[in-house]
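Survey of secondary and tertiary structure
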Amino acid sequence: MTDLRSARWFGGDDEVALLHRVAVAASEYAPGRPVIGIAVTGSDLNPCHGDADRLADAVAEGVRRRGATPMLFPATSLGEDLMKPSAMMYRNLLAIEVEEMVRAYPLDGLVVLAGCDKSVPAALMGMASANVPSLVCLVGARRSGDFDGRRLAAGTDVWRELDRRRSGEASDAEWAQFETCLGRVGPGICNVMGTAVSMGLIAEMLGMALPGSASAVAGGDDILASAVATGERVVDLVEEQLRPRDRMTPAAFANAARVLAAVGGSTNAVIHLLAVAGRLAVPFDLDRLDAEVRDVPLLTDVEPCGRGLIEDFHASGASPALVAALGDLVDRDVLCADGRSWGTVADAAGVRGPAIAGREHPFGPAPTLAVIRGTLAPDGAVIKVAAASAALSHHRGPAVVFSDYEDMRRRLDSPDLEIGPDAVLVVRGCGPVGAPGMPEWGMAPIPRALAERGVRDMLRITDGRMSGTSFGTVVLHITPESAVGGPLALVEDGDLIEFDLATRRLDLLVPPEEVERRAAAWAPAESAHVRGWPAMYRKHVLPASQGCDLDFLTAPTGGSTQFVEPVVGRS
């Protein structure tokens, strides 16, 4: 066994070591055994992690099988359903918690139970900074359920049914029935290619979660077996001293970006990839992302960009089959979490099922994701091309501006709102500083008057995000955001806006001198947040183009994690 970090706490015969050993006398600890921390993120407030306690026990069993000591501890439960304004604002807080729990306690290795959107990137960010042998144990996707004779697509069906209700196609009784059916599906993350599964696949490609675990069904045999195997494998990583920085390499980030594109994954994952890269000083920015994904077609038939659900993707071979389908678009020499190369994993994948296509007959063309710039987004923005309308890929129209989320909800359905189907909906004040926390407010619903006329998509632009389960022609994450004086803050009703996917441009068609006049008259709004986490977040958060991490948490150029071990003495 390699030298253990925990020996600094438990080794020796002084009063410090004695007290430390007494503290764990009632536990399973035995001298010389690795101590594996298991961060349990289950909570009654987070239905996505409803099975986390059972999985934590399974991880602990795997740890025991390898002769190590599991130590379970609670961690912040990030859930999109109830956290306001968004779990995104607390992603960095959980990342800090992961890092600091490792720093403060005698842990030789770490497993974090994660699944719902922001918990996976938070785990990866904290693990990258602490850099002890670590893995993510994913909690599984919820079962599909049934509504009106069809399988329920969690998240995506909410937006679909909302459109039906707003257009008058669905009655109040149908809306209530939908709520009842959706509430019966049980625990687990959204069962479409939303942010949760997208980030699970990214964790796999970065070598931080076992292959195939991102798409396993919550409560099923596969996810339970994966939890046990995760516990076993993390002990192996401790013995081999394989750390996150050994696996999360530039080649692994490139693979992760290409897999994200191939599945038509969440735009939120772009922010998270940038944030994890920032913790490691890996050279990965928006331009690099755009270069990596330009030639990757859509190879999965999963909502919101396809017709199936995550269970279909899993049954079709999951990530190993997808990597096999991608062929030379991925670096097959990159190692996955179980120690094999992705080439070896792909070669053993077998025959693909119908939810995964080969590159010769993709479900959709490249690109599925694009980075946008222009006078309205000088530092970048993103769009999920695979979920957008081809008819809007080149569009010019007058702006209808909503200054913030409440303004949008208040005025969107007003009979006084003058708007046509060619309008460009501008939703601002939704960025990291502005909201704060960059909530998923960017996909404004189609105004009721237009929805009733059959309009199903419009060009929408925003400095906020949208759910990975969403669809539509939405240019997101516009940087600089409006709250810090970005060009989006200067747009007025009636201004012409032009979007062109082919040239990756989003431009405000207003004379420069008029833009300069407006900029000179602009002043930031005063924030109500003067204390607590929101105030600290606003003061230190980086823009979306840099991953929305806090400025004092990123690694300097050169790659040092700046992780300082504590002095182990009297408390």
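Please read these numbers as outputs of a predicted model, since none were measured by experiment.

Overall, parallel pairing links the four strands, which are arranged S2-S1-S3-S4 in an open sheet. Edge positions in the sheet fall to strand S2 (69-74) and strand S4 (134-138), since each has one partner strand and no second. Strand-to-strand twist of the sheet, defined as the mean angle between neighbouring strand axes without regard to direction, takes the value 20°. In this structure, strand S3 (residues 109-114) lies alongside S4, joined through five bridges in parallel fashion. Directly across from Val112, in S4, lies its bridge partner Val136. Lying on the sheet, helix H9 (residues 221-240) is in contact with strand S1 (35-40), S3 and S4; it crosses S4 at an angle near 175°.

All right, on to the pairing of S2 then. Inspection of the sheet shows S1 paired to S2 by six bridges, in the parallel sense. Paired with Val40 across the strands is Pro74, a residue of S2. The β-α-β motif built from S1, the intervening helix H3 (residues 52-65) and the parallel element S2 has right-handed crossover chirality.

Moving on, we come to the state of the cysteines. Going through the model one piece at a time under the given rule, you end up with zero disulfides. Cys116 takes part in no disulfide bond, and the closest cysteine sulfur to it belongs to Cys48, at a distance of 3.6 Å. Between Cys336, a free cysteine, and Cys137, which holds the nearest cysteine sulfur, the sulfur-to-sulfur gap is 16 Å. The buried category is assigned to Cys336, whose relative accessible area is 2%.

Any two side chains of opposite charge can pair if their charged atoms end up close together. Scanning all chains against the criterion turns up 48 salt bridges. Note that Arg279 is salt-bridged to Glu99, the shortest N-O span being 4.0 Å. Here Arg279 is found in helix H12 (residues 268-280), whereas its partner Glu99 is found in helix H4 (residues 88-104), with 180 residues between them in sequence. The class of Arg279 is buried, set by a relative accessible area of 1%. Glu99 gets classed as buried once you look at its relative accessible area, which sits at 7%.

Thresholds, definitions, all that
- Residues numbered from 1 in each chain as written.
- Predicted model: local features only at pLDDT ≥ 70, side-chain atom pairs only at ≥ 80, totals over all residues.
- Heavy atoms only, no water.
- Pairing = 2+ DSSP bridges.
- Helix = DSSP H or I, 4+ residues; strand = E, 2+ residues; numbered from the N terminus.
- Axes fitted to C-alpha atoms, helices over the stretch in contact; angles between N-to-C directions.
- Contact = heavy atoms within 4.5 Å.
- Right-handed = clockwise from strand over helix to strand, strands pointing away.
- Disulfide = S-S within 2.5 Å.
- Buried < 20%, exposed > 50% of the residue type's maximum accessible area, 1.4 Å probe, protein only.
- Salt bridge = Lys/Arg side-chain N within 4 Å of Asp/Glu carboxyl O.

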